[in-house]
Amino acid sequence: MGRNPRRDLLAGLTVAIVALPLALGFGISSGAGAEAGLATAVVAGALAAVFGGSNLQVSGPTGAMTVVLVPIVAQYGTGGVLAVGLLAGLMMIGLAFARAGRYMSYVPAPVIEGFTLGIAGVIGLQQVPGALGVAKPEGEKVVAIAWRAVEEFVTAPNWTAIALAGGVVVLMLAGARWKPTVPFSLIAVIAATIAVKVLDLDATTIGHLPSGLPAPSLGFLHPSEVPSLLAPAVAVAALAALESLMSASAADAMSVGQRHDSDRELFGQGLANIAAPLFGGVAATGAIARTAVNVRSGGTSRLAALIHAAVLAVIVFAAAPLVAGIPLAALSGVLIATAIRMVEVGSLKAMARATRSDAIILVLTAAATLALDLVKAVLIGLIVAGALALRAVAKHTRLDQVPLERDLPGGHSDEEHALLAEHIVAYRLDGPLFFAAAHRFLLELTEVADVRVIILRMSRVTTIDATGALVLKDAIDKLTRRGITVMASGIKPGQLRTLDSLGVLDALRADGRVHDTTPDAIRAARTHLHCSGVLPIPLQAQVEVEVEVQAPNTVPEEAAR
């Protein structure tokens, strides 16, 4: 942290200026209050900076976490927030010790884009009552709440509040396009606060933060209530882990020579989420927007994130009366603008044009985020993505008939080659033989025309699961009952365990019908056809047999052969 302290100092100040209105707004949106948002930014921001796995990460309250916390605060109050934070923090530390950080990379990009879009919609809809200057209607679904707020606004319009919120949104969006490095969110909030003071507007028409930002009172739950919070805690832990690692990865991509430690980042975020509720805060994650500001402002080490937390702490203790004068409509405008900026239109268009499956996953995840909740939306997205991926992989599993000419043993007439090709059919299996493709494979294989020998070439099978093995066994049994001899060649050693555990190869091994190579299998098939009388025994073979039978005992065994 001592390499570039001046650059880190400037970056930390810049991030604190940007984070102040966001911390206030997200604290209010969560239902825990503006002071909870500031406490989270200070405590979680400092602890995650010290113990986390990224040198550039800035942590605090985020819009995504707000979406999860709103129903918890509504049902359990601050005591529920405390319990959920503690449980989620412990879970994240457990994930860190389990070295689960690397698995977060398996979340498909359309799921991430979809829930980011859904989160942006939820954050924007949450701000509708504040932007319209009406009391927040009762309810849990943000769409219904926003609609009731609009109905109330229509009956009694509050043009002052909507003008303040709209002015903040326009200034932030236009300013970001003009000078991206300037903290227009703070400028807009200050301008709105000054306008309210100068014009002496009635607080009831625009709303204010609680005077003096009092320290939150922490309630504690009865132990019997804790089990009911396990599911929300899992949701908070999963979201905090995913968003923090996404943010850390984004910081690595924007910087040169930086690489975060995923498991250490989970550990640091776990400690932050344990500590923040004890100081009146809510659950926290790595914040992509603030982390990006830190990188673009020249931050090079953890010192920048620590300075950001220290500056916000000074504001909490020294400037609380000034902060309390900020109109709620202005903060609603800040969060609406933040939600709009979360939507990367170009990225969404590219994702939607990539494949139909990606577009379906993106839209479904976003819609589920609005209609249900974030955790269910992510689960739905992952399930649909997995199902579509299995469908795509299953389509690549092929059963192709292959010619025998290249593998037929030489030294025989064209007539025998033709007879062998007429009675022996080789099929090559390409790709994974697993549950998603196994039954289609069985249908294709058992519809084979009437031949005497089928050789299954399995050297290109990438994987076999229990379903695939059982289907293979069923296919062999059905072909055998039709009088068709089945042989297998090229089975990989890694796949033998699955096949042997289910007895797929028992019957084949007993008759010597499992071979290392296809030419070996063809030789065995030819011998079988000769012995069964389907093909005549060649003259050379008859002579060899006759010589062996008539050879006197005095002839050495090797000469007799």
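Note that the structure is a prediction, hence the values are computed from the model and not measured.

Reading the values: rules and limits
Each chain has its residues counted from 1, following the order in which its sequence is written. Confidence filtering applies because this is a predicted model: local features only for residues at pLDDT of at least 70, side-chain atom pairs given and counted only at 80 or more, and all residues used for totals across whole chains, interfaces and linings. Computation of side-chain values: all heavy atoms of the structure, hydrogens and water removed. Only runs of H or I of at least four residues qualify as helices and only runs of E of at least two qualify as strands under DSSP, and these elements are numbered from the N terminus. When accessible area is computed with a 1.4 Å probe and restricted to protein chains, residues below 20% of their type maximum are described as buried, those above 50% as exposed, and intermediate ones as partly exposed. Throughout, a residue-residue contact means that at least one pair of heavy atoms, one from each residue, lies within 4.5 Å. Note on areas: Shrake-Rupley with a 1.4 Å probe; residue coverage comes only from the protein chains shown. Think of it this way: a Phe, Tyr or Trp ring, Trp meaning its six-membered ring, pairs with another when their centres are within 6.5 Å, and the plane angle makes it stacked under 30 degrees, edge-to-face over 60, tilted otherwise. We treat two strands as partners when DSSP finds at least two bridges between them.

A.B. asks: Can you lay out the overall build of the protein for me, pointing to particular residues and giving the numbers?
C.D. replies: Along the protein, the regular secondary structure elements total 26 helices and 8 strands. In the protein, which comprises 561 residues, the proportion classed as buried is 49%. Taking all contacts inside the protein whose residues are at least 6 apart in sequence as the whole, residues at least 24 apart take part in 83%. For the protein, the computed accessible surface area is about 26,700 Å², with 62% contributed by carbon and sulfur atoms.

A.B. asks: Now, about the environment of Arg452: what can you tell me, with residues and values included?
C.D. replies: Mapped onto the elements of the fold, Arg452 is located in the loop between helix 20 (435-446) and strand 5 (453-457). For Arg452, a relative accessible area of 41% corresponds to the partly exposed category. Distance from Arg452 to Gly483, taken between C-alpha atoms, is 7.2 Å for residues 31 residues apart in sequence.

A.B. asks: I'd like to hear about the packing of aromatic side chains, residue by residue, with values.
C.D. replies: Scanning the model with the defined rule gives 3 aromatic pairs in all. Taken together, a centroid distance of 6.0 Å and an interplanar angle of 80° make the contact between Phe97 and Phe267 edge-to-face. Taken together, the residues span a long stretch of sequence, with Phe97 in helix 3 (residues 63-97) and Phe267 in helix 11 (residues 262-278) at a distance of 170 residues. Phe267 sits in the partly exposed class, given a relative accessible area of 27%. With 5.3 Å between their ring centres and 80° between their planes, Phe153 and Trp159 make a pair best called edge-to-face. Residue Trp159 is classed as exposed on the basis of its relative accessible area, which comes to 57%.

A.B. asks: Quick rundown of the pairing of strand 4 (residues 424-433)? Include the residues and the values.
C.D. replies: Among the 10 residues of strand 4, 10 are classified as buried, and the element is accordingly described as predominantly covered. For strand 3 (residues 398-402) and strand 4, the ladder comprises 5 bridges, and the chain directions are antiparallel. Pairing of Val402 across the sheet is with Ala426, part of strand 4. Relative to strand 5, strand 4 runs parallel, the two being bridged by 5 bridges. From the neighbouring strand, Arg428 faces strand 5, where its bridge partner is Arg457. The pairing of strand 4 with strand 6 (residues 461-464) spans 2 bridges and is classified as parallel. Across the sheet, residue Leu433 finds its bridge partner in strand 6, namely Ile464.

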